[in-house]
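Reading the structure
Letter by letter, the chains look like this.
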Amino acid sequence: MNHIDLNQPPPNHTFSVSVNREETDGERRVRLFKDLALFLVALGFVITIATLCYSTLLSASASAEEKKWAMSILSAATGGLIGYLIRK
């Protein structure tokens, strides 16, 4: 078995040491619940904003400036969704 002196590592080599705590089943369930809850809340906000913008676009009483802002927000939301799905 080879032994390496950690005080003098071989040339062009580095070493790192880490100690990680193992996640318990309870901690994993809590983490997954929090992640899912955050995702659902964010999804709800995005759907609400997109619905409001879409209804503004279809509204006869909305001004041209309001429709312009609604179209910009919908374009950004659509671009974000496509980027999320493609993951780039």
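In the block above lies the structure referred to throughout.
The sections below set out a description of the structure shown in this document.

Conventions adopted
Residues numbered from 1 in each chain as written. Predicted model: local features only at pLDDT ≥ 70, side-chain atom pairs only at ≥ 80, totals over all residues. Heavy atoms only, no water. Helix = DSSP H or I, 4+ residues; strand = E, 2+ residues; numbered from the N terminus. Expected span 1.5 Å × (residues − 1). Salt bridge = Lys/Arg side-chain N within 4 Å of Asp/Glu carboxyl O. Buried < 20%, exposed > 50% of the residue type's maximum accessible area, 1.4 Å probe, protein only. Phe/Tyr/Trp six-rings, centres within 6.5 Å; stacked < 30°, edge-to-face > 60°. Lys NZ or Arg CZ within 6 Å of the ring centre and 35° of its normal.

1. A closer look at helix 2 (residues 64–86)
Between its terminal C-alpha atoms helix 2 stretches 33 Å, which fits the 33 Å expected from 23 residues at 1.5 Å a residue. Phi turns positive one or two residues past the end of helix 2, at Arg-87, with a value near 65°.

2. Brief notes about the pattern of salt bridges
Opposite charge on two side chains makes pairing possible when the charged atoms of those side chains draw close. Throughout the structure, instances matching the rule amount to three salt bridges. Put simply, Arg-31 and Glu-23 hold a salt bridge, and the shortest N to O gap is 2.8 Å. Under the relative-accessibility criterion, Arg-31 is labelled partly exposed at 37%. Among the ionic pairs, Asp-35 bridges to Arg-31, the shortest N-O distance being 4.0 Å. Highlighted residues: Asp-35 and Arg-31, both in helix 1 (residues 25–58), separated by four residues, approximately one helical turn. A relative accessible area of 44% means that Asp-35 is categorised as partly exposed. Beyond isolated ion pairs, a larger network of salt bridges with shared partners links Glu-23, Arg-31 and Asp-35.

3. So, the packing of aromatic side chains
Tallied over the full model, the rule gives zero aromatic pairs. Here the guanidinium or amino end of Arg-87 rests over the ring plane of Tyr-84, the centre of that ring lying 5.2 Å away.

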